[in-house]
Amino acid sequence: MVMQLIKKIRGCITLILAVLMFAPLIAHADYSWNFPKPATPMALDTLQVHNKFMIIVMVIFVVVLGIMIYSIVMHRKSKNHPAGTFTGPTTRSQIIWTLVPFVILLYIDFILMGIPAYHSVVAMEDTKTGAEMVIKITGSQWRWQYEYMDGDAKGISFVSNLITPQDQIDNKATKNKEYLLEVDNPLVLPTGKKVRVLLTSTDVIHNWWVPAFGAARDAVPGFLRETWLKIDEPGTFRGQCKELCGKGHGFMPAVVVAKNEDDFKQWAVAKKQEIAAAGAGADKTWTQAELIANGKAVYEKNCVACHQVTGMGLPPTFPALAGSKIATGPIFDADGKLIKDGHLDRVFNGKGVMPAWKSILNDTEIASVITYERNSFGNHVGDMLQPAQVKALR
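Worth saying up front: this structure is predicted, and the values here are computed from it rather than measured.

Trainee: I tried to follow the overall build of the chain on my own but got confused; where do I start?
Mentor: Broken down by element type, the chain carries 12 helices and 10 strands. Its C-alpha atoms put the chain at 100 × 45 × 40 Å along the principal axes. In the chain, which comprises 394 residues, the share counted as buried stands at 36%. Put simply, 63% of the contacts in the chain that link residues at least 6 apart link residues at least 24 apart. Element-wise, carbon and sulfur atoms account for 63% of the exposed surface of the chain, whose accessible area totals about 22400 Å². Taken as two groups, the 41 positive and 35 negative side-chain charges of the chain have centres that lie 11 Å from each other.

Here it is in C-alpha cells:
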C-alpha cells in the first residue's frame with residue numbers, strides 16, 4: 001500500500017517537473033502569451049534578457065526541488081534513516097559543499113545575469129548618443145500632447161485624444177478590435193531613426209507606455225524624464241498610460257504610427273499645411289453659430305471627460321459649467337483688458353487641475369469652445385469670442 005502511494009507521488013512529481021521543463025519553450029513559441037513582438041532594439045534586448053533569466057531561474061528551481069524531493073523520499077524515517085543532527089558545517093567536506101553553491105550563486109547573480117542586465121540598463125539610459133530626432137510628450141488628464149522639436153517635423157504640435165465611441169464604453173454598442181486603444185491624432189515617427197523622447201506632465205504622474213517598444217517612463221510634473229525609440233519596421237503600435245492617474249486613467253491610450261523616411265516627410269509637410277490652415281481661421285470673422293458648432297466639437301474632444309456632456313461636471317474636482325459664474329461672467333473689463341481668472345483666462349492659463357490650453361489649442365479652437373460653453377448647458381450669455389481676440393492676447 002505504502003509502495004503504491006510512493007509510486008503515485010513519484011509519477012505526479014515527474015509530470016510536474018516535465019511541465020516545468022517545457023513551459024519556457026511554450027512561452028517562447030507564442031509572443032502574445034508572453035511579450036509582444038519586439039519593435040525596437042530595446043524591446044528585443046529586454047525580451048532576450050527576460051527569457052535567459054527565466055531559463056536560469058527555472059533550471060535552478062528544478063534542480064533544487066529535485067534534490068529536496070529525492071532527499072525526502074530516499075532518506076525517510078521508514079527506511080531506517082536517523083533524524084539529522086546537523087546544525088552547521090564543521091568538517092572540510094561540509095564547508096566545501098556549503099561554499100560551492102554560494103560561489104555558484106554569486107557567479108549567476110553577478111556574471112551570468114548581472115552583466116546582461118547591466119548592459120541593458122546602460123542601453124536604456126543612453127538617450128543622446130546617435131539620436132537623430134527629439135520629441136516632447138506631455139501627459140495631462142487624460143490625453144497626450146506631442147511636440148516635434150527638430151527635423152522635418154519641427155514645429156508640429158498636437159493633442160491625441162481617445163476616440164472610442166461612448167456607446168461602446170457604456171456597453172450599448174459592439175466593441176471594435178481597438179477598443180480604448182484608438183486616437184484622433186497618433187504620434188507619427190520615422191523608422192530606422194533613433195528618437196530621443198522627453199516626457200513631462202501638467203498635473204499628475206502619467207506613464208507613456210507602448211509594450212512593443214520595451215520602454216515605459218513616468219511623466220512627472222515639473223521634471224523632464226527621458227527615454228528613446230528606434231522602430232525597426234513600419235506599423236501601428238498601441239499602448240496606454242501605465243500609471244494610475246485618475247478616473248480617466250483607462251481612457252488615455254498612446255498610439256504610434258511608424259512610417260519609412262519618405263512617407264514620414266510627406267506626412268510632416270501635410271501636417272504643417274493642416275495646422276497652418278487651422279491657424280488661418282484666426283483672421284476670419286466668425287458668426288456665433290459657426291463658433292458654437294466648432295466649439296461643440298472641440299468641447300467633446302477635449303473637455304467632456306471632466307465637465308461631462310451635460311456640462312454638469314464632477315464636483316468638487318471638476319466643477320459644472322452649467323450656471324457657472326466663470327462661464328457666464330464677463331471676459332474683458334470696461335477697458336477691454338482680460339479679466340484675471342475670468343472665463344478666457346481660466347481656459348488660457350488653467351488653474352488647479354484645469355490645464356492651460358494656451359499651447360494646446362489654436363486661437364479658433366479656444367474662441368469656439370468658450371463661445372460654446374457660454375451658450376450651452378442652459379447658459380444664455382448671448383455673446384461670442386472671436387479668434388482674433390484670442391490671437392491678440394498671445
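On we go.
Trainee: What is the right way to read the packing of aromatic side chains from this model?
Mentor: Two aromatic rings are characterised by how far apart their centres lie and by the angle between their planes. Across all of its chains, the model carries 11 aromatic pairs by this definition. Both rings, one in Phe158 and one in Trp267, keep their centres 6.4 Å apart while their planes meet at 75°; by these two values the pair is edge-to-face. Within this pair, whereas Phe158 is found in strand 3 (residues 157-160), its partner Trp267 is found in helix 6 (residues 261-279), the two being separated by 109 residues in sequence. A single burial state applies to Phe158 and to Trp267, both of which are buried. Note on Tyr299 and Phe377: the rings are 5.2 Å apart at their centroids and 50° apart in plane angle, and the pair reads as tilted. Placement of Tyr299 in helix 7 (residues 288-302) and of Phe377 in the loop between helix 11 (363-374) and helix 12 (387-393) is noted, with a sequence separation of 78 residues between them.

Trainee: Mind showing me how you'd approach the UniProt feature "transmembrane region" (unreviewed entry) in the chain here?
Mentor: As annotated in UniProt, the feature "transmembrane region" (unreviewed entry) corresponds to residues 53-74 and 95-118 in the numbering used here. Between the C-alpha atoms that bound residues 53-74 the distance is 31 Å, and the span itself is 100% helix and 0% strand. In residues 95-118, the share of helix is 96% and the share of strand is 0%. The end C-alpha atoms are 32 Å apart.

Trainee: Whenever I open this one, empty space enclosed by the protein confuses me. Can you help?
Mentor: Over the atoms rolls a probe the size of a water molecule, and its path tells where empty space is left. Summed over all chains, the structure comprises one cavity of 30 Å³ or more. Every residue lining the largest cavity is listed: Phe35, Pro36, Pro38, Ala43, Pro211, Ala212 and Gly214.

Trainee: Help me understand the pairing of strand 9 (residues 235-241) in this model?
Mentor: Regular strands have side chains that alternate between both faces of the sheet. Relative to strand 9, strand 6 (residues 206-210) is paired through two bridges, and the arrangement is antiparallel. Counted as the bridge partner of Trp209 is Gln240 from strand 9. Strand direction decides the pairing type here: strand 9 and strand 10 (residues 253-259), joined by six bridges, are antiparallel. From the neighbouring strand, Arg238 faces strand 10, where its bridge partner is Val255.

Trainee: What's the story with the sheet that holds strand 4 (residues 187-190) in this structure? I'm lost.
Mentor: Within a sheet, neighbouring strands are paired by backbone hydrogen bonds and run either parallel or antiparallel to one another. Spatially, the five strands line up as an open sheet ordered 4-10-9-6-7, and their pairing is mixed. What marks the edges here is a single partner per strand, and that holds for strand 4 and strand 7 (215-219). Taking each pair of neighbouring strands and ignoring which way they run, the sheet shows an average axis angle of 25°. Where strand 4 lies against strand 10, four bridges are found, and the strand directions are parallel. Bridge assignment links Leu187 to a residue of strand 10, and that residue is Val256.

Trainee: Explanation requested: the confidence of the model for the chain in the structure shown.
Mentor: The predicted model of the chain has a mean per-residue pLDDT of 87, with 92% of residues at 70 or higher. Note on residues 27-32: pLDDT is under 50 here. Beyond four places in sequence and across chains, it has seven contacts.

Trainee: Help me understand the pairing of strand 2 (residues 143-148) in this model?
Mentor: Strand 2 sits mainly inside the fold: five of its six residues count as buried. Here six bridges tie strand 1 (residues 133-140) to strand 2, and the two strands are oriented antiparallel to one another. By the bridge assignment, Ser140 is partnered in strand 2 with Arg143. Taking the residues between adjacent antiparallel strands as the criterion, strand 1 and strand 2 are bridged by two residues.

Trainee: Whenever I open this one, the UniProt feature "domain: Cytochrome oxidase subunit II copper A binding" (unreviewed entry) in the chain confuses me. Can you help?
Mentor: The UniProt entry lists residues 130-270 under the feature "domain: Cytochrome oxidase subunit II copper A binding" (unreviewed entry), expressed in the numbering used here. Secondary structure across residues 130-270 divides into 10% helix and 41% strand, with the first and last C-alpha atoms of the span separated by 27 Å.

Trainee: Is there a simple way to think about the nonpolar core in this case?
Mentor: The nonpolar side chains of soluble globular proteins are, as a tendency, buried together. Core analysis: the largest hydrophobic core is formed by 40 residues, its most contacted members being Tyr148 and Trp208. Tallying contributions element by element places strand 10 first for this core, with four residues. Counting 23 residues, the second-largest nonpolar core is a separate cluster that includes Ile331, Trp357, Phe377 and Leu385.

Trainee: Is there a simple way to think about the sheet that holds strand 3 in this case?
Mentor: The five strands lie next to each other as 3-2-1-5-8, forming an open sheet whose pairing is mixed. If you trace the sheet from one side to the other, it starts and ends with strand 3 and strand 8 (225-229), each paired once. Here the strands of the sheet are splayed against their neighbours by 25° on average, with no regard to which way each runs.

Trainee: Explain helix 7 to me, please; I cannot follow it from the model alone.
Mentor: Structurally, the α-helix is built with 3.6 residues per turn, so residues lying three or four positions apart point the same way. In this model, helix 7 (15 residues) spans 20 Å end to end at C-alpha, consistent with the 21 Å of a helix rising 1.5 Å per residue. Along helix 7, the residues that are buried comprise Leu291, Gly295, Val298, Tyr299 and Asn302. Buried residues in helix 7, looked at end-on, bunch into an arc of 100°, giving them a common side. Exposed and oriented more than 90 degrees from the buried face of helix 7 are Ala289 and Ala293. Those residues of helix 7 that are buried lie in contact with strand 2, strand 3, helix 8 (304-307), helix 11 and helix 12.

Trainee: Can you walk me through a nonpolar patch on the surface in this structure?
Mentor: Taken together, the side chains of Ile95, Leu99, Phe102, Val103, Leu106, Tyr107, Phe110, Ile111 and Ile115 make up a nonpolar region of the molecular surface, amounting to roughly 860 Å² of accessible area. Top element by residues in the nonpolar patch is helix 3 (residues 92-112). It accounts for eight residues. Structurally, Leu106 can be placed in helix 3. Exposure remark for Leu106: the relative accessible area of 36% places this residue in the partly exposed category.

Cut-offs applied
Residues numbered from 1 in each chain as written. Predicted model: local features only at pLDDT ≥ 70, side-chain atom pairs only at ≥ 80, totals over all residues. Heavy atoms only, no water. Helix = DSSP H or I, 4+ residues; strand = E, 2+ residues; numbered from the N terminus. Buried < 20%, exposed > 50% of the residue type's maximum accessible area, 1.4 Å probe, protein only. Contact = heavy atoms within 4.5 Å. Areas by Shrake-Rupley, 256 points an atom, 1.4 Å probe, with all protein chains shown as cover. Lys, Arg positive; Asp, Glu negative; His and termini not counted. Charge placed at Lys NZ, Arg CZ, Asp CG, Glu CD. Phe/Tyr/Trp six-rings, centres within 6.5 Å; stacked < 30°, edge-to-face > 60°. UniProt positions renumbered as here; feature names shortened; annotations may be inferred. 1 Å grid on protein atoms, 1.4 Å probe; cavity = no way out; pocket = protein on both sides within 12 Å on 5 of 7 lines; lining within 4 Å. Points joined across faces, edges and corners; volume = space filled by probe spheres on them. Pairing = 2+ DSSP bridges. Axes fitted to C-alpha atoms, helices over the stretch in contact; angles between N-to-C directions. pLDDT = per-residue confidence, 0-100. Core = buried A, V, L, I, M, F, W, Y, C linked by side-chain atoms within 4.5 Å. Expected span 1.5 Å × (residues − 1). Arc of directions from axis to C-beta. Patch = residues over 30% accessible without salt bridge, like charges linked within 9 Å, V, L, I, M, F, W, Y side chains within 5 Å. Salt bridge = Lys/Arg side-chain N within 4 Å of Asp/Glu carboxyl O.

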